[in-house]
Amino acid sequence: MQILLSPQQLQLAILRLAHHLTENYESLAAFVFIGIQPRGVKFSDKLVEAIRQIRPEQTVLYGVLDITFYRDDFRGELHKANKTDIPFSIEGRNVVLIDDVLYTGRTIRAALDALQDFGRPKKVELCVLVDRRFNRELPIQPDYCGKAIDSIVSQKVKVEWEREEVVLY
Amino acid sequence: MQLSTNHLLGIKELSIEDISLILSTAQQFKEVLQRPIKKVPSLRDVTIVNLFYENSTRTRISFELAEKRLSADTINFAASGSSVSKGETLLDTVNNILSMKVDMVVMRHSASGAPHFLSKHLPHTAIINAGDGINEHPTQALLDAFSIIEHAGTLDGKKVVIIGDIMHSRVALSNIYLLKKMGAEVMLAGPPTLIPTYVKEAFGVRVEYNLKKALQWCDVANVLRIQLERQNQVLFSSLREYNLAYGVTRKLLEELDKEILIMHPGPVNRGVEIDSDVADSRQSIILQQVENGVAIRMAVLYLLAGKKEG
């Protein structure tokens with residue numbers, strides 16, 4: 001077991017990403033932030049909270065997306081479906097997809113499919129807390145990344161939100 | 001996380017966990033149905049045949065919509081106009097269809113137990129019962145439960161009265177099984193000729209022959225259709241008399257000291273088991289039941305298709 005991010009590092013990474021996401025834009029009106037269920041939402045909750053603190057004068061559009069019905073592996077194992085809640089239009093907006101760990105890229109592939117059913121965004125970007133490089137099965141890369149790590153397939157990366165740590169098992 | 005069964009034959013065969021899983025999955029599908037694009041790609045490579053040996057509007061359309069919303073390929077089969085009239089047996093018909101690489105069978109049949117018979121011969125094909133004779137209509141009971149929970153928050157401890165022709169009703173039997181499993185209290189109301197005497201002990205339900213008392217007791221009234229096509233012997237003297245004794249009227253509801261939820265599985269015989277001003281009132285959730293039916297059937301198809309090779 002190896003600690004990839006300590007509680008303090010995790011906090012700083014979230015703050016850095018929040019600044020990074022907001023620094024280039026005067027207004028956030030054209031943006032929507034969408035956390036991917038279930039684990040990405042724990043990260044996106046904190047990230048969006050940080051963004052709201054940095055830009056308290058702005059309305060931040062934030063939704064959550066469940067990709068269960070868009071998975072390409074549902075024959076192997078059924079996953080519990082979670083709530084999707086996107087109470088606004090994404091048509092013509094910049095969508096920032098938010099997940100905790102980017103690994104094979106298949107979740108993001110499913111999320112891109114799912115997003116299409118809500119409209120045609122102007123642009124979609126990807127923000128992840130941990131990027132497991134060199135494990136990708138699809139050509140998908142993050143635009144914003146908390147920490148990039150090298151790991152092998154037999155290892156597991158987990159964000160422990162109770163302990164506020166990112167751990168490599 | 002999966003169903004304990006490969007088929008949906010009846011509520012009788014489902015566990016409490018199965019029922020909870022179907023209801024919670026349906027909740028997510030209901031959200032899908034409110035999106036601009038009401039469709040997910042889940043069953044893209046699944047082919048489903050809808051075998052209807054008996055007439056149906058609601059259930060057939062509801063299943064067909066559920067299949068299309070899941071991106072499944074569908075084939076519709078109606079017994080009339082098929083080789084069934086040339087004497088082909090049920091098993092032969094189904095085996096012929098399956099040999100053309102069909103994955104799931106949704107079946108309605110006038111013979112009780114027909115889907116159970118099929119499932120014994122075809123253990124690896126998911127069979128979904130869309131109503132078999134006077135036995136069960138499981139997806140109807142599931143959508144009824146879903147609709148009650150939507151309004152009352154839970155089934156546990158809720159008092160539900162099922163009114164009408166209990167003897168010939170597969171909706172009643174499926175509802176009894178489901179409501180009892182999920183902790184609701186069940187009462188059956190109607191004329192003594194339409195309520196079998198053994199139901200009290202067999203299912204642990206209450207029986208009430210006085211409609212007013214039944215309505216006073218309940219939180220939810222599920223009013224059944226008087227099935228004119230199943231009345232071979234005369235069990236009540238006329239529709240007019242049935243309406244006078246067991247029709248749910250506005251006047252009856254106004255005499256209660258509370259507002260109860262009114263349900264009906266359709267099709268409604270207006271002015272027989274329920275009056276128009278009740279069926280169309282604010283406390284009636286008949287059309288919401290129909291809406292929820294698609295989400296429930298999507299959940300059932302999705303969960304069974306996912307099990308196929310698991």
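Parameters and conventions
Residues numbered from 1 in each chain as written. Chains lettered and ligands numbered in written order. Predicted model: local features only at pLDDT ≥ 70, side-chain atom pairs only at ≥ 80, totals over all residues. Heavy atoms only, no water. pLDDT = per-residue confidence, 0-100. Helix = DSSP H or I, 4+ residues; strand = E, 2+ residues; numbered from the N terminus. Contact = heavy atoms within 4.5 Å. Buried area = accessible area lost by both parts, 1.4 Å probe. Salt bridge = Lys/Arg side-chain N within 4 Å of Asp/Glu carboxyl O. Polar contact = N/O pair within 3.5 Å; in protein donor to acceptor, adjacent residues only side chain to side chain. Nonpolar A, V, L, I, M, F, W, Y, C, P; charged D, E, K, R; others polar. Pairing = 2+ DSSP bridges. Axes fitted to C-alpha atoms, helices over the stretch in contact; angles between N-to-C directions. Buried < 20%, exposed > 50% of the residue type's maximum accessible area, 1.4 Å probe, protein only. Domains from an automatic or database assignment. Parallel < 35°, antiparallel > 145°, perpendicular 65-115°, else oblique. Left-handed = near helix turned anticlockwise from the far one by under 90°.

Let us now look at the confidence of the model for chain B. Residues and elements named next belong to chain B. Model confidence for chain B is summarised by a mean pLDDT of 93, while 98% of its residues fall at 70 or above. Averaged pLDDT values over the elements of chain B bottom out at 90 in helix α3 (residues 90-98) and peak at 98 in strand β5 (residues 159-163). Reported confidence for the predicted complex is 0.79 by ipTM and 0.90 by pTM.

Attention shifts here to the interface of chain B and chain A. The partner chain A presents 15 residues to the 25 residues of chain B that form the contact. Both sides of the chain B and chain A interface together cover about 1,900 Å² of buried area, and 56% of this is carbon and sulfur. The tally of links from chain B across to chain A stands at 0 salt bridges. Joining chain B to chain A, the criterion identifies 6 residue pairs in polar contact (both at pLDDT 80 or more). Sorting the residues of the side of chain B that touches chain A by element identifies α1 (16-32) and α12 (286-307) of chain B as the ones contributing at least two each. Residues of the side of chain B that touches chain A, tallied by class, amount to 12 nonpolar, 7 polar and 6 charged.

What follows concerns the sheet that holds β5(B). Residues and elements named next belong to chain B. Strand order in this open sheet of 5 strands is β7-β6-β5-β8-β9, and the pairing throughout is parallel. Edge strands, defined here as strands with exactly one partner in the open sheet, are β7 (206-208) and β9 (261-263). Neighbour-to-neighbour, the strand axes of the sheet open up by a mean angle of 25°, direction not taken into account. Bridge analysis of strand β6 (residues 185-189) against β7 gives 3 bridges, and the strand direction is parallel. By the bridge assignment, Ala-189 is partnered in β7 with Glu-208.

Another point: unusual backbone geometry. Omega for the bond connecting A:Gln37 with A:Pro38 falls within 30 degrees of zero, at -10°, which places this linkage in the cis form. Topologically, A:Pro38 is positioned in the loop between β2 (31-36) and α2 (39-54). Put simply, B:Gly266 and B:Pro267 share a cis peptide bond, and its omega is -10°. Here B:Pro267 is to be found in the loop between β9 and α11 (276-279). In this structure, A:Glu164 is a non-glycine residue whose phi angle is positive, near 55°. In this structure, A:Glu164 sits in the loop between β7 (157-160) and β8 (165-168). Here the phi dihedral of B:Lys101 falls at roughly 65°; this positive angle occurs in a residue that is not glycine. Considering the arrangement of structural elements, one finds B:Lys101 in the loop between α3 and β3 (104-109). Judged by its relative accessible area of 67%, B:Lys101 falls in the exposed class.

A few words on the domain arrangement of chain B. Residue and element names in this part refer to chain B. What the domain assignment lists for chain B is domain 1 (11-137 + 290-309) and domain 2 (138-289). Taken over C-alpha atoms, the centre of domain 1 sits 25 Å from the centre of domain 2. Buried area between domain 1 and domain 2, summed over both chains or domains, comes out near 2,600 Å², and the portion from carbon and sulfur atoms is 61%. At the junction of domain 1 and domain 2, the tally comes to 2 salt bridges. In this structure, Arg-170 and Glu-54 form a salt bridge, with 3.0 Å as the shortest nitrogen-oxygen distance. Counting every contact that joins domain 1 to domain 2 gives 23 residue pairs in polar contact (both at pLDDT 80 or more).

Right, let's talk about the sheet that holds β2(A) for a bit. Residues and elements named next belong to chain A. Sheet architecture is open: 5 strands sit in the order β3-β2-β4-β5-β6, paired in parallel fashion. Of all strands in the sheet, those with a lone pairing partner are β3 (61-65) and β6 (144-150), marking the two edges. Across the sheet, the axes of successive neighbouring strands diverge by a mean angle of 25°, strand direction being ignored. One ladder, built from 8 bridges, connects strand β4 (residues 94-102) with strand β5 (residues 123-133); its direction is parallel. Bridging across to β5, Val-96 finds its partner in Glu-125. Across the sheet, helix α1 (residues 7-23) lies against β2, β4, β5 and β6, angled at about 135° from β6, the strand it touches most.

Moving on, we come to the packing of helix α2 (residues 58-69) of chain B against α12(B). Residue and element names in this part refer to chain B. With their axes 8 Å apart at the nearest point, α2 and α12 run at an angle of 55° to one another. Classified by the angle between their axes, α2 and α12 sit oblique to one another. For the element pair α2 and α12, the recorded crossing hand is right-handed. Along the contact surface, α2 presents Arg-58, Thr-59, Ser-62, Phe-63, Leu-65, Ala-66, Glu-67 and Arg-69, while α12 presents Val-290, Gly-293, Val-294, Arg-297, Met-298 and Leu-301.

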